[in-house]
Amino acid sequence: MCATEPAGRPRPALWPVPWPACLSLLLAACLLACVLPARAAELEAKVKAAYVFHVIKFVDWPALPGDALTLCISGNDAVSALLGDLAGKAVKERPLRILTGLPADPTQCQVLYVGGPERRWAELQPRLRGHSVLTVSDQDGFARNGGIVGFYPEAGRIRLEINPEAARQANLRISAKLLELARTVP
Amino acid sequence: MKPHRLALLLFGLPALSWADTPTLENLPLAGFVDVTSLEQLGNLVVTDTKLGQTPDSVTQQILVLRSDEIERLPTPNRNLAELMRHTSGQFVNVLSRNDANWGAYAGLGPKYNSYLLDGLPIDSFVDAMSLDSAAIERVEVHKGPASVLYSGYLSMDFVGNETPLAGTTNFVLRNRVDEAQTRFAAGAGSYGTFAGSAYTQGRSGALSYMLSARHERSDYTPYGTRGSWLTTVQTPRYEKDRAFTNLSYALDRPDHTVSLFYQRTFQQGNMGRPNRDFEHHYDTFNFAYNNPFATDWHLQFKYGERRYDRRFANDAFPASLALVSLENTRQTIRPADLTLSHRHGRDALLTLGVDAQWVDYATDLRSVGGAPTRENQATARSTGYFVQEKIRLDDWILRGGLRRNMLHNDYALLGGNTPEVRAASWSKNLWSLGTRYNLHTGLAFYANAGSSFMAPTAKQIGGTVSSLQASGELPNPNLKPESGIGRDLGVAWQASRDLAIDLRAFLNTIGDAIVTNIVSAAPSQVRSVNAGSARAAGYEVDARYSPASGSTFFANFTRTHSRVSDPVNAAQNGSAIPFAPTTLANAGFSLRLPGELSASTYYHWVGRYYDSTDRDSRQAYGHFGVINARLQKTLDRQGSQEVRLTLDLNNLTDRQYRMPFDFRDPGFNAFVGLDVRY
């Protein structure tokens, strides 16, 4: 027995949707490509700020204050401006305290986000040496320049780079889960 | 409105789209961090090494369907396999809402594409029908051979074992909750379908929990071809109840966890005749222990149980609709996996471990007024040792792996008889190699090859005949496993931030292919022998455009040429591999529209395919296109509270296409649902 399609039945076209539908799809795609607002920079800042929050979960400090975990923001780039929204969010079973502006003693911060020009980091680095402060920045090459967590773009996405030696010197334990998704730099 | 006009309207929606509508990325940062995870931000995949890896360090092509996309994808038969229907290379062929997926991948039939639930094997035919999508965080479609890190599935039911030669699909469970959420959903649709579900997730200290219950009932509709064994004389009703719990406890750190997942599915109904009732129970259990116990070491232990209990009533159709017998199939499969990963050198990852599986299988038959009799009883077990090393040398990724697999089957009873062959064992060494070259940011070339094997089914080894004069399958204790090699070669190109284009070619070959030949017409006897080989070659082209608005456009095309060689049987020598279409094509878009409206439309084209290799008796299928659409409108949103209306329009052009085993798609159907979450 060989039952195939009934004889004489017209074979359906490869694309049974009417041509106006195909045309509208094509036009709409062109329209979208032309008129979509350029909001990539805003989204990029939000993704970096979200990374800061999630990264904290996967870092262990030798000791944490009981009342809150302090995130200090130095500088005023797009990411710095967003991080203030995280005030009060619970992380590591404590509320997140946001300090805008660099305190007189930056070692009281558990996390320090360094925004703005590279010169500021050069000044800060010696003051943090030997203290358990997780430093994060989106400055180019931040992790290569002694910072712990930096960002870099790849294939349209934001990726993390981590300096394990800087973390070790700060007596911070970086989770293997975090290292899985990051590029490590010397 | 005529389906074609509706299709025109849906395909015309892009012209109305603009980006100024609330989307995930428009949420304030505090809300954004609640709905994203480190894995999502990092775009990680786990299937290639069992640990999270960035795509640029993976030699295989792994397609990821994330939870937001899963929510948009149409699943007319409520089957998780349908989530992959619009991805390249996949032929998803769900026979009905009560039946399995009988698809194909990369030119090979359903036995050569395995499914995983969080890294442990599940049944690629059956389990996608019972599992609940609410439990799934993402789906990773791993293209190409994966037999070194993952064993086959030792199912004794249906057509036997399944192995990841052409690829594997990993349903990754949600394992961490940051924010409490509760959802209620209810809806109604064609064929008197009603569905309701309740889901809650939350966190108490270090414990993340998810609980879900779902009920669905339907009068359904005839889903067989006219005059076939699926002919109905009444409405083929069904009811399906599913409940799952997923618990994850962080022991001392967020990445040192113990997780438990348990789902129970109960499905009952009738196939449209008074004595064709069915009642199925499925239990799926996964346990996982994860411990990155040092910066460079990671230990994982996983154990699972899959219990299947299926009961069917049989009549004597077409001669009589009276009850003839009751059939019960029970199978329990317990997979376990212990994996140790060691990160070393600059960016190298060593993965080694052991996995095992234990299977109990039994079927009973009870004639009317009689006592149940055992028809089949068999057990199986397997042990595998595997090691894989992946290293990064600047822009090159190199991967190599080996597996030693031992498999043993015991057959106590086959077809009601004590078989002549009571046991069979096989040992195989498998290998896998892969490389990737990142030419520059966004452009990479990759190639992979790996071997696999498939054990013969119990009936092929032990036979089903009680004597040399009886009809049935003759035993063949010397039958060897089918051996296969999968290869692929591809280019992954992120042409811009928004546009990704992939091209992949594949070549899968099967040696010692098992073919079943007729030995005698009277009595009717067949015997399976290693007499053949099979080859499937083809290519896939994928394009995906995802502008920052949250909208997505995609298109893909797959072309396959397959051929079976069987010098013993001229009728099937040179035939195409069954269930593998020559052409598959998909196109679609998902848009954010003004007024908190989103629209997704998917077009799916299936080329010619056959249900058998025998050119004299095989039947031809395919050559049809289907359009499915989903419209979602947020009716109210206040903070984390949301009320959402969803309209599914499936098979818009009402194509009632034929499928193998006399199944037929019922054509156009619709479903409208309301979802409240807070």
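What comes next is a walk through the structure. (Residues numbered from 1 in each chain as written. Chains lettered and ligands numbered in written order. Predicted model: local features only at pLDDT ≥ 70, side-chain atom pairs only at ≥ 80, totals over all residues. Heavy atoms only, no water.)

### Overview of the sheet that holds strand β5 (residues 111-114) of chain A
Residues and elements named next belong to chain A. Reading across from one edge, β3-β4-β2-β5-β6-β7-β8-β10 is the order of the eight strands in this open sheet, with mixed pairing throughout. In this open sheet, the two strands that pair with only one neighbour each are β3 (90-91) and β10 (182-184). Alignment of β3 against strand β4 (residues 94-100), held across two bridges, turns out to be antiparallel. Bridge assignment links A90 to a residue of β4, and that residue is P95. (Pairing = 2+ DSSP bridges. Helix = DSSP H or I, 4+ residues; strand = E, 2+ residues; numbered from the N terminus.)

### Topic: the pattern of salt bridges
Applying the stated rule across the entire model yields 39 salt bridges over all chains. The closest approach of N and O atoms between K48 of chain A and D138 of chain A, which form a salt bridge, is 3.3 Å. Remark: D138 of chain A occurs in the loop between β6 (134-137) and β7 (149-154) and K48 of chain A occurs in helix α2 (residues 40-57); sequence separation between them is 90 residues. With relative accessibility at 9%, the residue K48 of chain A sits in the buried group. A residue is classified by how much of its surface remains accessible, and D138 of chain A, at 23% relative accessible area, is partly exposed. Its salt-bridge partner being D648 of chain B, residue R630 of chain B comes within 2.5 Å of it at the nearest N-O pair. One end of the pair, R630 of chain B, is in strand β30 (residues 624-638); the other, D648 of chain B, is in strand β31 (residues 641-650), with 18 residues separating them in the sequence. An identical accessibility class is assigned to R630 of chain B and D648 of chain B; each is buried. (Salt bridge = Lys/Arg side-chain N within 4 Å of Asp/Glu carboxyl O. Buried < 20%, exposed > 50% of the residue type's maximum accessible area, 1.4 Å probe, protein only.)

### A few points about the sheet that holds strand β1 (residues 62-66) of chain B
Residue and element names in this part refer to chain B. Pairing is mixed in the open sheet, where five strands are placed in the order β1-β6-β7-β4-β5. Each edge of the open sheet is held by one strand with a lone partner, namely β1 and β5 (120-122). This sheet shows a mean twist of 25° between the axes of neighbouring strands, independent of strand direction. Sheet analysis places strand β6 (residues 136-143) next to strand β7 (residues 167-173), joined by seven bridges and oriented antiparallel. Residue pairing across strands places I136 opposite L173, the latter belonging to β7. (Axes fitted to C-alpha atoms, helices over the stretch in contact; angles between N-to-C directions.)

### Here's the deal with the nonpolar core
Formed by 49 residues in total, the largest nonpolar core has its most connected members in M156, Y411, W426 and I461 of chain B. Breaking this core down by element, the ones donating at least two residues are β13 (277-294), β16 (348-367), β17 (373-393), β18 (396-413), β19 (423-440), α6 (458-462) and β30 of chain B. Looking at this core element by element, the count peaks at three residues for β19 of chain B. For W426 of chain B, the contacting residues outside a window of four places in its chain are N405, M406, L407, N409, Y411, A455, P456, I461, L479 and P481 of chain B. Grouped together as the second largest cluster of nonpolar side chains are 48 residues, V55, L71 and I162 of chain A together with L38 of chain B included. (Core = buried A, V, L, I, M, F, W, Y, C linked by side-chain atoms within 4.5 Å. Contact = heavy atoms within 4.5 Å.)

### Brief notes about the state of the cysteines
All names here are of chain A. Tallied over the full model, the rule gives one disulfide over all chains. Across a sulfur-sulfur distance of 2.0 Å, C72 and C109 are joined as a disulfide pair. Because the sign of the S-S torsion sets the handedness, a value of about -95° for the bond joining C72 and C109 places this disulfide among the left-handed ones. With a gap of 37 residues between them, C72 in strand β2 (residues 69-74) and C109 in the loop between β4 and β5 connect regions that are remote in the sequence. Given a relative accessible area of 0%, C72 falls into the buried group. (Disulfide = S-S within 2.5 Å.)

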